[in-house]
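Read off the chains here:
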Amino acid sequence: VLGSANPALAVQEAGMTVTKIDNDALDARLEQPIVAEPEEEAPYGDTDMVRVSILLEKKSTLEAGFSTTGITQNDAAMAYRETLKADQETVTAQISQALGEKLEVHWNMTLAANIISAGLQYGQIETVKAVPGVKDVILETCYSPAVVDRQEVADPNMATSRNMIGTVSAYAAGYTGAGTKVAIIDTGLDMDHQCFDDEAFAYSLSQLDGTYDCMDTEDIAAVLDQLNAKERTPALTAQRLYKTSKIPYGYNYVDKTPAYVDHNQDTQGGHGSHVAGIAVANSYVPNGDGTFSLALDTTYVQGVAPDAQVVVMKVFGKAGGAFDSDYLAAIEDAIVLGCASINLSLGSSYPGFSRSSTYQDILDGLVDSDAMVVISAGNAGHWAQASQLPLQGYLYGDDVSMHTGGSPGTFTNSMCVASVDNAGITGIFFQVAGKSIVFQETEYSNVKLQT
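Not measured: the values here are computed from a predicted model.

Trainee: Explain the overall build of the chain to me, using residue names and the numbers behind them.
Mentor: Regarding its fold elements, the chain presents 14 helices and 16 strands. Looking at the chain as a whole, 42% of its 451 residues are labelled buried. Contacts in the chain between residues at least 24 apart in sequence constitute 76% of all its contacts with a sequence separation of at least 6. Of the accessible surface of the chain, which amounts to about 25900 Å², a share of 52% is contributed by carbon and sulfur atoms.

This is the structure in structure tokens:
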């Protein structure tokens with residue numbers, strides 16, 4: 001009280017008056033100066049060619065409420081899909097007229113999404129957005145296979161990993177994948193590999209009780225006109241798509257050709273064969289004399305679903321890839337073919353959440369359908385770890401980025417799978433007095449952080 005006496009007397013001597021007011025009428029927040037946000041530079045020049053997804057107003061076939069189960073036999077669903085295709089033709093013509101040139105179309109997707117994937121000049125995007133029926137135009141992301149960037153000697157040991165993931169219990173219950181199809185959306189497949197031998201596959205099925213309906217050329221012919229692959233390559237036939245009973249379907253969604261093997265074709269490598277081996281490598285391998293041996297006893301490699309067929313969908317090829325629409329076109333075809341599982345072991349080059357809400361919504365929508373889409377978590381470290389030294393970027397308070405996953409695996413409802421070290425791993429060792437001494441080499445770096 002005494003401390004406030006002097007200021008009060010000073011106010012009276014200065015001829016000032018004090019008025020009591022209602023405190024509720026005051027705003028205690030400090031006024032912040034209005035600072036104009038700096039304008040972000042456009043990521044491309046107006047004449048730069050970009051890949052875009054042109055979203056149309058109408059709902060896709062699945063968004064309209066149709067189930068993926070037996071969708072090609074659902075006349076109402078197929079009729080609805082045909083109306084979307086007709087609408088896309090109309091919108092494409094209107095866009096071409098607005099641009100004054102023919103639109104470069106890559107895909108027309110109407111099943112999981114109502115999207116026209118096309119090539120545009122960056123400066124033409126706003127023109128396309130103004131066309132009636134167009135909901136939005138978004139830039140597509142280009143992905144790479146989820147591989148580790150180092151050279152190692154392959155030493156698979158599926159004999160121990162099966163205990164880690166529970167396949168032993170599945171086999172005991174009679175589940176080996178027989179009669180089902182697994183789609184591998186990746187770099188392709190080595191058809192000559194012993195793990196996918198057709199005769200070994202037939203031998204394995206003969207050892208099972210009962211008979212199984214495997215996909216053949218007649219099954220492909222029945223849905224051929226509903227495949228995105230057929231639309232992009234009109235000359236395709238079921239016979240050209242069919243390979244063997246183990247590999248009943250193969251198509252290259254980047255180069256638009258049925259030539260899809262992952263060796264001697266391009267520089268994309270054998271990642272697709274690696275992934276397919278984990279998923280569906282046969283239970284038996286040929287001995288070369290008409291007999292077969294158990295794979296786990298000889299090569300130590302057996303797929304999780306060894307008796308399933310593998311549907312090969314190559315999205316990395318001579319033309320690069322894979323853009324969002326490339327893998328989505330493959331997913332749509334996998335649904336049409338009735339695949340029980342759809343695998344995408346691909347992702348962004350660096351860890352981080354996806355910024356494409358459009359494609360997140362599409363994949364999230366598949367969760368509500370009967371399609372099982374499985375996506376890899378990725379092989380990258382967290383953002384700071386992935387940064388080159390000396391640090392090229394900064395950690396922001398609103399985006400800590402300590403996770404190691406990358407898109408599209410980071411989509412909210414994706415079935416995202418990460419790998420762990422195999423329980424049977426040994427490492428480098430030397431022997432002393434008959435005992436194995438295991439050790440691990442340590443890498444040192446002489447790079448110093450700048451402070």
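Trainee: Any details on the environment of D136? Residues and values, ideally.
Mentor: Its place among the elements puts D136 in strand 4 (residues 134-139). Note on D136: relative accessible area 28%, which makes it partly exposed. For the pair formed by D136 and I115, sequence separation is 21 residues and the distance between their alpha carbons is 9.8 Å. Setting aside residues no more than four positions away along its own chain, D136 makes contact with S53, I54, L55 and K129.

Trainee: Residue-level account of the pattern of salt bridges, with values.
Mentor: Summed over all chains, the structure comprises seven salt bridges. A salt bridge links R51 to E140; the shortest N-O distance between them is 3.8 Å. Placement of R51 in strand 1 (residues 49-56) and of E140 in the loop between strand 4 and strand 5 (144-145) is noted, with a sequence separation of 89 residues between them. Comparing R51 with E140 shows no difference in burial state: the two are buried.

Trainee: Now, about the confidence of the model for the chain: what can you tell me, with residues and values included?
Mentor: Parts of the prediction with low pLDDT should not have their coordinates interpreted in detail. Scored by pLDDT, the chain comes out at a mean of 80, with 70% of its residues at no less than 70. Predicted confidence is poor over residues 148-153, with pLDDT under 50, and the contacts of this stretch with residues over four places away or in other chains come to one contact. Below pLDDT 50 for its whole length, residues 443-451 participates in three contacts with residues either more than four positions away or in separate chains.

Trainee: How would you explain helix 12 (residues 324-336) if you had to name every residue and give the values?
Mentor: Between its terminal C-alpha atoms helix 12 stretches 19 Å, which fits the 18 Å expected from 13 residues at 1.5 Å a residue. The buried fraction of helix 12 is high, at 13 of 13 residues. Just beyond helix 12, the residue with positive phi is G338, at close to 75°.

Trainee: Before we move on, can you summarise the environment of A319 with the specific residues and values?
Mentor: Counting through the fold element by element, A319 comes out in the loop between strand 10 (309-314) and helix 12. With 66 residues separating them in the primary sequence, A319 and Y253 have C-alpha atoms 9.9 Å apart. Dropping the residues within four chain positions of it, A319 is found in contact with V254 and D255.

Trainee: Any details on the sheet that holds strand 4? Residues and values, ideally.
Mentor: Strand order in the open sheet formed by four strands is 2-3-1-4, and the pairing between neighbours is antiparallel. Looking along the sheet, the strands with just one partner apiece sit at the ends: strand 2 (104-109) and strand 4. Recorded for the sheet is a direction-independent mean angle of 25° between the axes of neighbouring strands. Bridge analysis of strand 2 against strand 3 (residues 115-121) gives five bridges, and the strand direction is antiparallel. By the bridge assignment for strand 3, V105 is matched with A118. Against the sheet, helix 2 (residues 75-99) touches strand 1, strand 2, strand 3 and strand 4, its axis set at about 15° to strand 3. Against the sheet, helix 12 touches strand 1, strand 2 and strand 3, its axis set at about 35° to strand 2.

Trainee: So what's going on with the packing of aromatic side chains? Which residues, and what values?
Mentor: Applying the stated criterion to the full structure yields six aromatic pairs. A centroid spacing of 5.7 Å and a plane angle of 35° characterise the contact between W107 and Y253, whose relative ring orientation is tilted. Of this pair, W107 sits in strand 2 while Y253 sits in the loop between strand 7 (249-252) and helix 10 (271-280), and the two are 146 residues apart along the sequence. Judged on exposure class, the residue W107 and its partner Y253 are both buried.

Trainee: Pulling in residues and values, what's your account of helix 6 (residues 198-206)?
Mentor: Along helix 6, the residues classified as buried are A200, F201, S204 and L205. Down the axis, helix 6 shows its buried residues gathered within 140° of arc, on one side only. Looking at the buried side of helix 6, the elements it contacts are strand 8 (284-286), strand 9 (292-294) and strand 10.

Trainee: Quick one: what's the story with the pairing of strand 13 (residues 373-376), residue by residue and with numbers?
Mentor: Because side chains alternate across strand 13, one face comprises the buried residues V373 and I375, and the other comprises V374 and S376, equally buried. The sheet contact formed by strand 11 (residues 341-344) and strand 13 spans three bridges and is parallel. Bridge pairing in strand 13 links L344 to I375. Relative to strand 14 (residues 415-417), strand 13 runs parallel, the two sharing three bridges. Looking at the pairing, V374 lines up with M415 of strand 14.

Trainee: Requested: an account of the pairing of strand 11, with residues and values cited.
Mentor: Pairing of strand 6 (residues 181-186) with strand 11 involves four bridges; the strand directions are parallel. Bridging from a neighbouring strand, A183 pairs with I342 of strand 11.

Trainee: Break down the sheet that holds strand 13 for me, with residues and values.
Mentor: Overall, parallel pairing links the six strands, which are arranged 7-10-6-11-13-14 in an open sheet. Either end of the sheet is taken by a strand with one partner, and the two such strands are strand 7 and strand 14. Going from strand to strand, the sheet's axes swing by 20° on average, the running direction of each strand aside. As judged from the four bridges shared by strand 7 and strand 10, these two strands associate in the parallel manner. Each bridged residue has a counterpart across the sheet, and for Y249 the counterpart in strand 10 is V311. Set on the sheet, helix 12 makes contact with strand 6, strand 7, strand 10, strand 11 and strand 13; between it and strand 11 the angle comes to about 165°.

Each value, and the rule that gives it
Residues numbered from 1 in each chain as written. Predicted model: local features only at pLDDT ≥ 70, side-chain atom pairs only at ≥ 80, totals over all residues. Heavy atoms only, no water. Helix = DSSP H or I, 4+ residues; strand = E, 2+ residues; numbered from the N terminus. Buried < 20%, exposed > 50% of the residue type's maximum accessible area, 1.4 Å probe, protein only. Contact = heavy atoms within 4.5 Å. Areas by Shrake-Rupley, 256 points an atom, 1.4 Å probe, with all protein chains shown as cover. Salt bridge = Lys/Arg side-chain N within 4 Å of Asp/Glu carboxyl O. pLDDT = per-residue confidence, 0-100. Expected span 1.5 Å × (residues − 1). Pairing = 2+ DSSP bridges. Axes fitted to C-alpha atoms, helices over the stretch in contact; angles between N-to-C directions. Phe/Tyr/Trp six-rings, centres within 6.5 Å; stacked < 30°, edge-to-face > 60°. Arc of directions from axis to C-beta.

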